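Residue-level structural notes
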2 protein chains.
Amino acid sequence: MPRQLHLSAFLMNTGHHEASWRLAESDPFAHVDLAHYVHLARIAERGTFDSLFLADGPQLWGTVSQRPAGALEPLTLLTALATATEHIGLIATASTSYNSPYNLARKVASLDIISGGRAGWNIVTTAGAEAARNFGLAAEPAHAERYARAAEFLDVALKLWDSWEDDAIVADKASGVWGDDTKIHPPRHQGTYFSVEGALNVPRSPQGYPLLVQAGSSEDGKAFAARYAEAVFTAQQTLKDAQDFYADLKSRVVQAGRDPEHLKVLPGIVPVIGSTETEARAAEQELEDHIVHEHGVANLERLFQLPAGTLKLDTELPADLPSEDSIEGAKSRYTLVVELARRERLTVRQLIGRLGGGRGHLTFAGTPEQVADAIERWFTLGAADGFNIMPAVLPSGLDLFVDHVVPILRARGLLREEYGPRRTLRERYGLPRPANQYTATLV
Amino acid sequence: MPRQLHLSAFLMNTGHHEASWRLAESDPFAHVDLAHYVHLARIAERGTFDSLFLADGPQLWGTVSQRPAGALEPLTLLTALATATEHIGLIATASTSYNSPYNLARKVASLDIISGGRAGWNIVTTAGAEAARNFGLAAEPAHAERYARAAEFLDVALKLWDSWEDDAIVADKASGVWGDDTKIHPPRHQGTYFSVEGALNVPRSPQGYPLLVQAGSSEDGKAFAARYAEAVFTAQQTLKDAQDFYADLKSRVVQAGRDPEHLKVLPGIVPVIGSTETEARAAEQELEDHIVHEHGVANLERLFQLPAGTLKLDTELPADLPSEDSIEGAKSRYTLVVELARRERLTVRQLIGRLGGGRGHLTFAGTPEQVADAIERWFTLGAADGFNIMPAVLPSGLDLFVDHVVPILRARGLLREEYGPRRTLRERYGLPRPANQYTATLV
């Protein structure tokens, strides 16, 4: 079968554009409305997407005056969506810095069981002091320490997910033996960040363990991805940067002794679709006209660690911004924003307009043909195995994509026509079911 | 309206009797089968129960050879059941010793929103070293310390649930103001066990906060219940003991300055129903015949902290068991089992038979009339505001109860005929929606 696109629908209340909630069509209470998310999930399933994707951080971001804040916790929301859908994968973001491996491993395994093998975990280390202060820490742990903890977290979680062999349950009613105790493997883990003694209290799930997704593009992030990730969600502004990132990551996967086909690279894109180019530009402009620029200035000053009042709307960024090395928060996002502004010589106002749509992800604006062309170009020129689709406005942007871009992609043989039989998320991504680490060595 | 029963359905894989999985009718894989739980939830809703109840502990209990082990994580399972039901409350057990307040508060609030105000939290401190060792501790924290942490956990959770005022979202599209920052109240909590700075990232939920349920009957447990609980699930073997517990707890609630009607006492009962007494006894006997007694001996030795091989099947318990004071684990369960054995002079074999059905909860075996009589007696004689129904075998035991006992209770005016309009779980229990602590003082 020819190589086909992997599409994920990144869901976010009224859409990824920060001003989307202000449009007449938008429901400003959508962020807590299950029916809204069920509607979105069903549109994505109509478009035969591989998965849904939800971001997360355990803190209230910024101020509530600015835009919809707060959200249903992703694993909870995706569990509800599992019952409303049949085929689509369910990728929840959860933090290794602010969870316990035992609690998180069993929640994700429970979702994998309930959904029939459709769970994915987007592994994040969670930047920012706000989150740290919600969990007893005075300040954000250093970037490298967060990644060291993440690696140990993964090792423990993988042991927990393997702690029941697939055939541990014998269910012999006649003799009264339900399970085979020799097929239960307590991790007995004693490490730097975690001590976890006992086996998980959930049997091994349909996928063995959930699809492992990762999103950081810093050096630490790429090293982590090469070792563990099965899909990487990334922000890339140009084809060239995306190709470089793709080639770099695949070669790191090979160096880690893994098959490069077993890690899928999915840039995020914000499609803004019109029946003509003019209509698409008008849709972009309408959103930009609804941006409150003072919020954008405050957000950029926070990202750049500058005092309030430093940035001026109609001038370019100052020349003496801190280097990425001095940033302990979201390193790769920092660099992406600075490079975008410098490369295109954007004023602060223009930068805010560019970031408003996808917070650094690329906007593909145009007709359905043009959007499909751009997707095909990135896909065939070694920049992507698929995309995380981030509609600027929801639900209408997802509807437009599925009704107008998806048929073109299908006609070109780039996307499945239908789901066919039920499959696990890992199978949809063309990945094998992992062997159990406690039995693999015995074979 | 006359006082009516509050019924909860305590769901557990193939039933509460430890040997239930061995019956021909039982599915030994029911513990991970969403369809099984959806079926049970719908039976309970047909019986107009107030709520479903799920137990939990973050560890694998005992050995898997013995009986079905492992389970879907309760908040995850109840979220899936929320979408399959319309009226029934959803009470999840979760530990204050092995969770972070921020994570747990947002998950429970998310379930409350998704279910339209039907979430409940059974607050447990989690006995046992097995759980402790899954969370980086070498040994179980002392009983009193677990309760001290639980009290602080509740204070933080209540602040988080109140951190958004009910009208914090203004959604003013014209001016671009989504929320009112003055109506967000970060806890800024600095305590003995927790430091939690920021507001929750979920708005205030339909119930304000979930129904607070508690189950420990030790001194610490009762003190905690008097202060926080809105429903108490308890194990009582005799009418007299249940009346004493009921009166004691209600008076403690009054002493804590609360309305005694705002705490409901719900003993657990195991109904074993037959169309004749003989049939009910035969059903009990069939279950008892399926018990593997060596497992029961090992479990009792663990509860009593005795070396393996101490207990003999056909003799009574030794006279020199440790006192409750020396038990740091499940104190009230320990005392209940010892007292039951002593009071009825049971041999170890007989004790195992009695505990097999409900782990210390009372079995009401008989015809539907007899079971209804027992329920009515406890309800009218000051021993209970309702019951947590724990069928020995599932789903058949819940079906029998709903088809044969529920109609008798309805005919006697003790149970609602239908749900009527949608209500929150707190409304079903006759409890007011709590005021927000940050606005209540301003009124």
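Residues numbered from 1 in each chain as written. Chains lettered and ligands numbered in written order. Predicted model: local features only at pLDDT ≥ 70, side-chain atom pairs only at ≥ 80, totals over all residues. Heavy atoms only, no water.

For clarity, the cut-off: UniProt positions are given in the numbering used here, feature names are shortened, and annotations may be inferred rather than shown by experiment.
By the naming in an unreviewed UniProt entry, chain A goes by LLM class flavin-dependent oxidoreductase and is assigned to Streptomyces justiciae. Entered under Sequence similarities (unreviewed entry) in the UniProt record, the comment concerning chain A runs "Belongs to the NtaA/SnaA/DszA monooxygenase family."

**Thoughts on the overall build of chain A**
Worth spelling out the cut-off: Numbering of helices and strands starts at the N terminus; helices are DSSP runs of H or I of at least 4 residues and strands are runs of E of at least 2. The globule rule used here is 2.2 Å times the number of residues to the 0.38 power, and the radius of gyration it is set against is calculated over C-alpha atoms. Type-normalised accessible area, obtained with a 1.4 Å probe on protein chains alone, sets the label of each residue: buried when under 20%, exposed when over 50%, and partly exposed for intermediate values. By definition, residues are in contact when any of their heavy atoms lie within 4.5 Å.
Secondary structure summary: chain A contains 15 helices and 13 strands in total. Scaling as 2.2 N^0.38, a compact globule of 443 residues should have a C-alpha radius of gyration of about 22 Å, and chain A matches this with 22 Å. In terms of principal-axis extent, the alpha carbons of chain A reach across some 75 × 50 × 45 Å. A burial count over chain A gives 61% of its 443 residues as buried. Contacts spanning at least 24 positions in sequence make up 78% of the contacts within chain A whose residues lie at least 6 apart.

**Observations regarding the interface of chain A and chain B**
Going by this rule: Once two parts are put together, the accessible area they lose, assessed with a 1.4 Å probe and summed over both, is termed the buried area. Every case where a carboxyl oxygen of Asp or Glu lies within 4 Å of a side-chain nitrogen of Lys or Arg is listed as a salt bridge. N or O atoms within 3.5 Å of each other form a polar contact, as long as, within protein, one can give a hydrogen and the other can take it, and as long as residues adjacent in sequence are counted only when both atoms are side-chain atoms.
In this complex, chain A contributes 72 residues to the contact, which on the side of chain B involves 72 residues. When chain A packs against chain B, the two sides together hide about 5700 Å² of surface, and 62% of this comes from carbon and sulfur. On inspection of chain A and its partner chain B, the count reaches four salt bridges. For A:Lys107, the salt bridge is made with B:Glu73, and the minimal N-O distance between the two is 3.7 Å. Linking chain A with chain B are 41 residue pairs in polar contact (both at pLDDT 80 or more).

**Digging into the pairing of strand S3 (residues 89–95) of chain B**
Residue and element names in this part refer to chain B. Quick note on the threshold: Strands are labelled as partners when DSSP assigns at least two bridges between them. Note on handedness: a crossover is taken as right-handed if, strands pointing away from the viewer, the path from the first strand over the helix to the second is clockwise.
For S3, the buried fraction is high: seven of the seven residues fall into the buried class. Because side chains alternate across S3, one face comprises the buried residues Gly-89, Ile-91, Thr-93 and Ser-95, and the other comprises Leu-90, Ala-92 and Ala-94, equally buried. Pairing of strand S2 (residues 51–54) with S3, which is carried by four bridges, proceeds in the parallel orientation. Looking at the pairing, Phe-53 lines up with Ile-91 of S3. Chirality of the crossover, the property in question, places the unit of S2, helix H2 (residues 74–82) and S3 among those that are right-handed. Of the strand pairs in this sheet, S3 and strand S4 (residues 119–124) are connected by six bridges, and their pairing is parallel.

**Section: the environment of A:Gly386**
All names here are of chain A. In this structure, Gly-386 sits in strand S13 (residues 386–389). Spatially, the C-alpha atom of Gly-386 lies 15 Å from that of Pro-260, the residues being 126 residues apart in sequence. Residues within four places of Gly-386 in sequence aside, it is in contact with Leu-5, His-6, Val-265, Leu-266, Pro-267 and Phe-379.

**Here we look at the nonpolar core**
Heads up, the rule is: Side-chain atoms within 4.5 Å link the members of a nonpolar core, which is a set of buried Ala, Val, Leu, Ile, Met, Phe, Trp, Tyr and Cys residues.
Of all hydrophobic cores here, the largest spans 170 residues; its most connected members are A:Phe49, A:Trp161, A:Phe401, B:Phe49, B:Trp161 and B:Phe401. The residues touching B:Phe401, leaving out its near neighbours within four places in the chain, are B:Leu7, B:Phe49, B:Pro271, B:Ile273, B:Val371, B:Ile375, B:Ile389, B:Val406 and B:Leu409. Counting 22 residues, the second largest nonpolar core, distinct from the first, contains B:Leu300, B:Leu321, B:Ala341 and B:Ile352.

**Quick word on unusual backbone geometry**
Cis peptide bonds are those with omega within 30 degrees of zero, and the linkage from A:Leu394 to A:Pro395 qualifies with 5°. When you line up the elements, A:Pro395 lands in the loop between S13 and helix H13 (396–411). Of note, A:Arg345 is a non-glycine position whose phi angle comes to about 50°, a positive value. Among the residues examined, A:Arg345 registers a relative accessible area of 57% and is labelled exposed. One non-glycine residue, B:Gln305, lies in the positive phi region at around 55°. Along the polypeptide, B:Gln305 turns up in the loop between helix H9 (293–303) and helix H10 (331–343).

**Some thoughts on the relation of the copies chain A and chain B**
Where we set the bar: Only residues with pLDDT of at least 70 in both copies contribute their C-alpha atoms to the least-squares superposition of the copies.
Under the fitted operation, chain A is carried onto chain B by 0.0 Å of movement along the axis and a turn of 180°, and the coordinates agree to an RMSD of 0.0 Å. Here the two chains are linked by the operation of a two-fold rotation axis. Minimal C-alpha distance to the rotation axis in chain A is attained by A:Ala80, lying at 2.6 Å. Most of the interface of chain A is mirrored in chain B, where 100% of its interface residues are also at the interface.

**Here we look at the side chain of B:Lys264**
Residues and elements named next belong to chain B. As for its placement among the helices and strands, Lys-264 is situated in strand S11 (residues 264–273). At 2.9 Å, the side chain of Lys-264 forms a polar contact with the backbone oxygen of Glu-261. Not counting residues within four places of it along the chain, the set of residues in contact with Lys-264 comprises His-6, Glu-230, Ala-231, Val-232, Asp-385 and Tyr-429.

**Re the packing of aromatic side chains**
Residues and elements named next belong to chain B. Formally: Stacked, edge-to-face and tilted are the three classes for Phe, Tyr and Trp ring pairs, Trp counted by its six-membered ring, which pair at centre distances within 6.5 Å; planes under 30 degrees apart are stacked, over 60 edge-to-face, the rest tilted.
Within this structure, the stated rule accounts for 33 aromatic pairs over all chains. When the centroid spacing of 5.0 Å and the interplanar angle of 20° are considered together, the rings of Tyr-98 and Phe-135 count as stacked. Residue Tyr-98 is located in the loop between S3 and helix H3 (101–114), and its partner Phe-135 is located in the loop between helix H4 (129–132) and helix H5 (143–161); the two are separated by 37 residues in the primary sequence. Both residues of the pair, Tyr-98 and Phe-135, belong to the buried class. Arranged with centres 5.7 Å apart and planes meeting at 55°, the rings of Trp-121 and Phe-153 form a pair that is tilted.

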